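The lines below spell out each chain.
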Amino acid sequence: MLKLRLTRLGRKKVPFYRIVAMEALSRRDGKAVAYLGTFNPLAEEGKQVVLKEEEILKYLSHGAQPTETVRSILTKAGVWAKFQETKKK
């Protein structure tokens, strides 16, 4: 099963995360199927999240499950609402 989750980059005490699609049982920083965006928790508000919305919606429609953290990021960016909208149709 595919999951949308975060992989950690950056140096010690300066985290930077990629939002990726990867197998649920693989390691946190293991090989990803696709790179879907980035998340920088230390950046200013406007430049914090960069997403590839079309690819994320494609993986969600094919059954990928986001983790709680990724779901909250997608909700704040408005992508989760678009997915729910397409799911209702």
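As a starting point, this report considers the structure included with it. (Residues numbered from 1 in each chain as written. Predicted model: local features only at pLDDT ≥ 70, side-chain atom pairs only at ≥ 80, totals over all residues. Heavy atoms only, no water.)

## A few points about the nonpolar core
Here is step 1 of the chain: Ranked by size, the top nonpolar core spans 17 residues in total, and within it Leu4, Leu36, Ile56, Tyr59, Leu60 and Leu74 carry the most contacts.
Here is step 2 of the chain: With residues near it in sequence (within four places) discarded, Tyr59 still touches Leu2, Leu4, Ala21, Val33, Ala34, Leu36 and Ala64. (Core = buried A, V, L, I, M, F, W, Y, C linked by side-chain atoms within 4.5 Å. Buried < 20%, exposed > 50% of the residue type's maximum accessible area, 1.4 Å probe, protein only. Contact = heavy atoms within 4.5 Å.)

## Details of helix α3 (residues 79–88)
Here is step 1 of the chain: Among all positions in α3, only Val79, Trp80 and Phe83 are buried. One face of α3 carries all of its buried residues, which in axial projection span an arc of 100 degrees.
Here is step 2 of the chain: Buried-residue contacts for α3 involve β4 (49–51), α1 (53–61), β5 (65–66) and α2 (68–77). (Helix = DSSP H or I, 4+ residues; strand = E, 2+ residues; numbered from the N terminus. Arc of directions from axis to C-beta.)

## Examining the layout of surface pockets
Here is step 1 of the chain: Volume-wise, the largest pocket comes out at about 180 Å³.
Here is step 2 of the chain: Considering the residues around the largest pocket, the lining is formed by ten residues, among which Phe39, Gln48, Val49, Ile73 and Lys76 are closest to the centre.
Here is step 3 of the chain: The class makeup of the residues in the lining of the largest pocket is four nonpolar, four polar and two charged. (1 Å grid on protein atoms, 1.4 Å probe; cavity = no way out; pocket = protein on both sides within 12 Å on 5 of 7 lines; lining within 4 Å. Points joined across faces, edges and corners; volume = space filled by probe spheres on them. Nonpolar A, V, L, I, M, F, W, Y, C, P; charged D, E, K, R; others polar.)

## Considering the packing of α1 against α3
Here is step 1 of the chain: Relative orientation of the contacting elements α1 and α3 amounts to 45 degrees, with a least axis distance of 10 Å. For the element pair α1 / α3, the angle class is oblique. Every pair of crossing elements has a handedness; the one defined by α1 and α3 is right-handed. Of the residues in α3, those touching α1 at Glu53, Ile56, Leu57, Leu60 and Ser61 are Val79, Trp80, Lys82 and Phe83.
Here is step 2 of the chain: Across the contact of α1 with α3, the residue classes tally to six nonpolar, one polar and two charged. (Axes fitted to C-alpha atoms, helices over the stretch in contact; angles between N-to-C directions. Parallel < 35°, antiparallel > 145°, perpendicular 65-115°, else oblique. Left-handed = near helix turned anticlockwise from the far one by under 90°.)

## Brief notes about the packing of aromatic side chains
Here is step 1 of the chain: Counted under the stated rule, the structure contains two aromatic pairs.
Here is step 2 of the chain: Aromatic side chains Tyr17 and Phe39 sit 6.2 Å apart centroid to centroid with 25 degrees between the ring planes, which places their arrangement in the stacked category. Within this pair, whereas Tyr17 is found in strand β2 (residues 16–23), its partner Phe39 is found in strand β3 (residues 34–39), the two being separated by 22 residues in sequence.
Here is step 3 of the chain: Take Tyr17: its relative accessible area is 21%, and that puts it in the partly exposed class.
Here is step 4 of the chain: With a relative accessible area of 14%, Phe39 lands in the buried category.
Here is step 5 of the chain: Centroid distance Trp80 to Phe83: 5.3 Å. Interplanar angle 45 degrees. Geometry classified as tilted. With Trp80 and Phe83 both in helix α3 and three residues apart, this pair spans about one turn of that helix.
Here is step 6 of the chain: Across the ring face of Tyr35, the terminal group of Arg18 is positioned such that the distance to the ring centre comes to 4.7 Å.
Here is step 7 of the chain: In this arrangement the basic side chain of Lys58 is found over the ring face of Tyr59, its NZ or CZ atom lying 5.0 Å from the centre. (Phe/Tyr/Trp six-rings, centres within 6.5 Å; stacked < 30°, edge-to-face > 60°. Lys NZ or Arg CZ within 6 Å of the ring centre and 35° of its normal.)

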